[in-house]
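This is what each chain is made of:
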Amino acid sequence: MNAEIASEIEKLAAEVLAACRKRGVMLTTAESCTGGLIAGALTAIAGSSDVMERGFVTYSNEAKIGMLRVPAEIIAGRGAVSEEVARAMAEGAVRNSNAQIGIACTGIAGPGNSSGGGSAAKPVGLVHIAVAMVQEDTLHAEMHYGDIGRAEVREATVRDALKMALRMLGA
């Protein structure tokens, strides 16, 4: 990871944890394309256990359905990489944990290839991020990072997900 990006992610993660402490809320993550990197960024900070409740890595559709209770018909109708699934993941993470705020992402990190690495409709670099919080409207962002590299898409997703969480927390 680029040192500048790593430093920015560490700073954002610390700010998210501080904002959760200030609001008195616990945090959960539901990650697909990042494979746990958001939770990893948060838990890399000493003392995060007072805020970080759990993380769901739901890479497969079956995991999204089983662990987060994302309705199978949403995945079948809209695809795993969609606004609807990202929102359902974030909301499901909150419902299926003891947390009050959930950060979720689903996307296509790449590289593009014939084995499912993107299409014309859903290209490499397309990521949907959602943040749900009890008694708040769920936030969503559709990101188009482009085919900048698998690691770079994942890092950008972590950074932008943490920024969205800060926005939800009013920080």
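Scroll up to find the structure.
Note that the structure is predicted; figures quoted are calculated from it, not measured.

## Regarding the state of the cysteines
Stage number 1. One pass over the structure, following the stated rule, counts zero disulfides.
Stage number 2. Take Cys-20: it sits in no disulfide, and the sulfur closest to it among the cysteines is that of Cys-105, at 16 Å.
Stage number 3. Taking the relative accessible area as the measure of exposure, Cys-20 reaches 1% and is therefore buried.
Stage number 4. When its relative accessible area of 0% is taken as the criterion, Cys-105 is described as buried.

## Observations regarding the environment of Ala-93
Stage number 1. Note that Ala-93 resides in helix α5 (residues 83-95).
Stage number 2. By relative accessible area, which is 0% here, Ala-93 ends up buried.
Stage number 3. Taking the C-alpha atoms as reference points, Ala-93 and Thr-29, 64 residues apart in sequence, are found 6.7 Å from one another.
Stage number 4. The contact partners of Ala-93, leaving out residues within four places of it in the chain, are Thr-28, Ala-30, Phe-56 and Leu-68.

## Describing the pairing of strand β5 (residues 139-144)
Stage number 1. Summarising the sheet, strand β4 (residues 126-133) and β5 pair through six bridges and their orientation is antiparallel. Bridge pairing in β5 places Val-127 opposite Met-143.
Stage number 2. Hairpin connection of β4 to β5: five residues between the antiparallel strands, including Gln-135 at a positive phi of 65°.

## A short note on the packing of helix α1 (residues 3-23) against helix α6 (residues 150-168)
Stage number 1. Put simply, α1 and α6 touch, their axes get as near as 9 Å, and they point 25° apart. Taken together, the axes of α1 and α6 are roughly parallel relative to one another. Our pair here, α1 against α6, has a crossing hand that is left-handed. Contacts between α1 and α6 involve Ile-5, Glu-8, Ile-9, Leu-12, Ala-13, Glu-15, Val-16, Ala-19 and Arg-23 from the former and Glu-155, Val-158, Arg-159, Leu-162, Lys-163, Ala-165, Leu-166 and Met-168 from the latter.
Stage number 2. Residue composition of the contact of α1 with α6, grouped by class: eleven nonpolar, no polar and six charged.

## Some details on the sheet that holds β5
Stage number 1. Here we have five strands laid out as an open sheet, ordered β2-β1-β3-β4-β5, and mixed in their pairing. The sheet is open, and its two borders are formed by β2 (52-57) and β5, each paired with just one other strand. Strand-to-strand, the axes of this sheet are offset by a mean angle of 10°, without reference to chain direction.
Stage number 2. Strand direction decides the pairing type here: strand β1 (residues 27-31) and β2, joined by five bridges, are parallel. Residue Glu-31 lies in a different strand from β2, and its bridge partner there is Val-57.
Stage number 3. Against the sheet, α6 contacts β3 (101-107), β4 and β5, and its axis sits at roughly 25° relative to β4.

Calculation criteria
Along each chain, residue indices are assigned from 1 in the same order as the chain's sequence is written. Totals for whole chains, interfaces and linings use every residue, but because this is a predicted model, local features are given only for residues with pLDDT of at least 70 and side-chain atom pairs only at 80 or more, for both listing and counting. Derived side-chain values reflect all non-hydrogen atoms in the structure, with water molecules and hydrogen atoms excluded from consideration. Cysteine sulfur pairs qualify as disulfides if the two atoms are within 2.5 Å. Relative accessible area decides the class of each residue, using a 1.4 Å probe on protein chains only: under 20% of the type maximum gives buried, over 50% gives exposed, and in between gives partly exposed. What counts as a helix is a DSSP run of H or I of at least four residues, what counts as a strand is a run of E of at least two, and both are numbered from the N terminus. Contacts are residue-level and defined by heavy atoms, with any inter-residue pair within 4.5 Å sufficient. When DSSP finds at least two bridges between two strands, those strands are taken to pair. Whenever a helix is involved, its axis is fitted only over the stretch in contact; in every case the axis is a line through C-alpha atoms, and angles between N-to-C directions fall within 0 to 180 degrees. An angle counts as roughly parallel when it lies under 35 degrees, as roughly antiparallel when it exceeds 145, as roughly perpendicular when it falls between 65 and 115, and as oblique in every other case. Two helices cross in a left-handed way if the nearer one is turned anticlockwise from the farther one by less than a right angle. They cross in a right-handed way if the turn is clockwise. Under the scheme applied, nonpolar residues are Ala, Val, Leu, Ile, Met, Phe, Trp, Tyr, Cys and Pro; charged residues are Asp, Glu, Lys and Arg; polar residues are all the others, including Gly.

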